[in-house]
Amino acid sequence: MLTKNIKKIVIASISSAVVLLSFQSQAEFSSDPAEKGLQIAKKVKERDLGWGDSQTTLKMILKNAAGQESTRELRTKALEVQGDGDKALNIFDHPRDVKGTAFLSFSHAIGADDQWLYLPALKRVKRIASRNKSGPFVGSEFSYEDLSSFEVEKYTYKFLREEPCKGGTCFVVEQNPVDKFSGYTRLVSWIDTTEFRNWKIEFYDRRNSLLKTLTVEDFTLYLDKYWRATATKMVNHQSKKTTDLVFEGYEFRTGLTDRDFNKNTLKRAK
């Protein structure tokens, strides 16, 4: 009888703890939709601080409206910058018509990003103007704007609701770009309530029509802290084109420095 009573006490204690944690989790957030949206965005950023630098290889699979496919292979290097947006370098290795093409991006928390594209056929570095960041990146459904690192200050926010999602339960948050040259009026993001991973983003064009949807197939955990997508799909609802990105593993803290992200050496990027 004593054993049964102990079991009941243990079960009741666990149940109480779960309820208490749930209330504590909810108490972290404001009841005001704008403030709650901002708090969630800050959580997303906080969960991804301290990784330093990373490298990965990936395949970019382009599919047109008729279903025809082409594949590109590239490498990405990234450097975390304290107090500002991250730096990133993308280098195309295959096929031959894009081999050697390199894209360098300095994201900024406040103000326009700095971005450059090296085109080996022309043997010159082209600066991407702020007004042109909504243009397609090397023929894909990703724009230059989409390649910036996530920075809280780039948007204002509004919490919309909670609902089931691939990551369990998600916060649904509306993000409104601060940049007047943004190609979007708003983004709607599905962020899971446990790990604060972004599972889906809807992009609305300047007419406030749904333009694209980005979905994440799955995530992999690195260094017991940092979640990275293993595969993503960007669907353009207006052109009926898609771009898939398949990542083939990340390496972190490999010793990259500012010297590896220099526009003057962009054409020699390897």
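The preceding data block contains the structure.
Residues numbered from 1 in each chain as written. Predicted model: local features only at pLDDT ≥ 70, side-chain atom pairs only at ≥ 80, totals over all residues. Heavy atoms only, no water.

Student: Got a minute to help me understand the nonpolar core in this structure?
Tutor: Core analysis: the largest hydrophobic core is formed by 40 residues, its most contacted members being I40, F137, F171, V173, F196 and F203. Filtering out sequence-adjacent residues up to four positions away, V173 remains in contact with G37, I40, Y157, K158, F159, L187, V188, S189 and I191. Within the second largest apolar cluster, 11 residues are counted, among which are L79, L104, Y118 and L256. (Core = buried A, V, L, I, M, F, W, Y, C linked by side-chain atoms within 4.5 Å. Buried < 20%, exposed > 50% of the residue type's maximum accessible area, 1.4 Å probe, protein only. Contact = heavy atoms within 4.5 Å.)

Student: It is not clear to me how the pairing of strand β3 (residues 87-94) should be interpreted in this structure. Could you clarify?
Tutor: A regular strand places its side chains so that they alternate between the two faces of the sheet. Among the eight residues in β3, six count as buried, and that is most of the element. Relative to strand β4 (residues 102-106), β3 runs antiparallel, the two sharing five bridges. Considered in β4, the bridge of L89 is made with L104. (Helix = DSSP H or I, 4+ residues; strand = E, 2+ residues; numbered from the N terminus. Pairing = 2+ DSSP bridges.)

Student: Even after reading the chapter, I still don't get the pattern of salt bridges, so can you show me in this structure?
Tutor: Think of it this way: side chains of opposite charge can pair up when their charged atoms draw near. With the rule as written, the count across this model stands at 16 salt bridges. Among the ionic pairs, E195 bridges to R47, the shortest N-O distance being 3.5 Å. Of this pair, E195 sits in the loop between β9 (186-192) and β10 (198-204) while R47 sits in the loop between α2 (33-46) and β1 (53-63), placing them 148 residues apart in sequence. The exposure class of E195 is partly exposed, given its relative accessible area of 29%. By relative accessible area, which is 35% here, R47 ends up partly exposed. Here D192 and R197 are joined by a salt bridge, their closest N and O atoms 2.7 Å apart. Given a relative accessible area of 0%, D192 falls into the buried group. Judged by relative accessible area, R197 falls into the buried class, the value being 13%. (Salt bridge = Lys/Arg side-chain N within 4 Å of Asp/Glu carboxyl O.)

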